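Next come the chains, spelled out residue by residue.
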Amino acid sequence: QVQLLESGGSVVQAGGSLRLSCRASGRIYSSSVMGWFRQAPGKDREFVAAIRWGVGNTYYQPGVKGRFTISRKTAENTVDLQRNNLKSDDTDIYYCAQNRNGLSDAAADYGYWGQGTQGTVSS
């Protein structure tokens, strides 16, 4: 079973940037989709972005493109998520996940999850 470990969660001032990384153990097959989700306090986990590992195509939740950037480093077996110009309402727990069945924006379709890392925005 693949193991996913998120890192990079920190306290960032408003207007700053948050860079998260997810490292996967073992091989990420080209058919896999790696995704990032976020969960705000008291809300459900929601899809942010995903990337097809083999071809590198990226997909974003409607309305978030331009605020988030997803990328991958195949040599390091990592998928990253960057958020610039953070605002106070951007404080969330971010989860890395893998979907071996194809592209999806539904959390239930992702079978492998990291434990999450929190990005906190301070004034």
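Scroll up to find the structure.
For clarity, every value in this text was computed on a predicted model and none was experimentally measured.

**Digging into the state of the cysteines**
Piece 1. Taken as a whole and assessed by the stated rule, the structure comprises 1 disulfide.
Piece 2. Paired by a disulfide, Cys22 and Cys96 hold their sulfur atoms 2.1 Å apart. Torsion about the S-S bond of the Cys22 and Cys96 cystine: about -75°, corresponding to left-handed handedness. Taken as a pair, Cys22 in strand β3 (residues 18-24) and Cys96 in strand β9 (residues 92-99) lie far apart in primary sequence, 74 residues in all. Like Cys96, Cys22 is buried.

**Let's talk about the pairing of strand β7 (residues 68-73)**
Piece 1. Inspection of the sheet shows β7 paired to strand β8 (residues 78-83) by 6 bridges, in the antiparallel sense. If you follow Ser71 over to β8, its bridge partner there is Asp80.
Piece 2. If you look at the hairpin formed by β7 and β8, you'll find 4 residues sitting between the two strands, and Asn77 has a positive phi there, around 60°.

About the criteria used
Residue positions are counted from 1 within each chain, in the order its sequence is given. Predicted model: local features are reported for residues with pLDDT of at least 70 only, side-chain atom pairs are reported and counted for 80 or more only, and whole-chain, interface and lining totals are derived from all residues. Think of the side-chain values as coming from all heavy atoms in the structure, minus any hydrogens and water. Put simply, a disulfide is two cysteine sulfurs that come within 2.5 Å. The secondary structure listing takes helices from DSSP runs of H or I that are at least 4 residues long and strands from runs of E that are at least 2 residues long, numbered from the N terminus. Burial here depends on accessible area, computed with a 1.4 Å probe over protein chains only, as a share of the maximum for the residue type. Under 20% is buried, over 50% is exposed, and the range in between is partly exposed. Two strands are said to pair when DSSP picks up at least two bridges between them.

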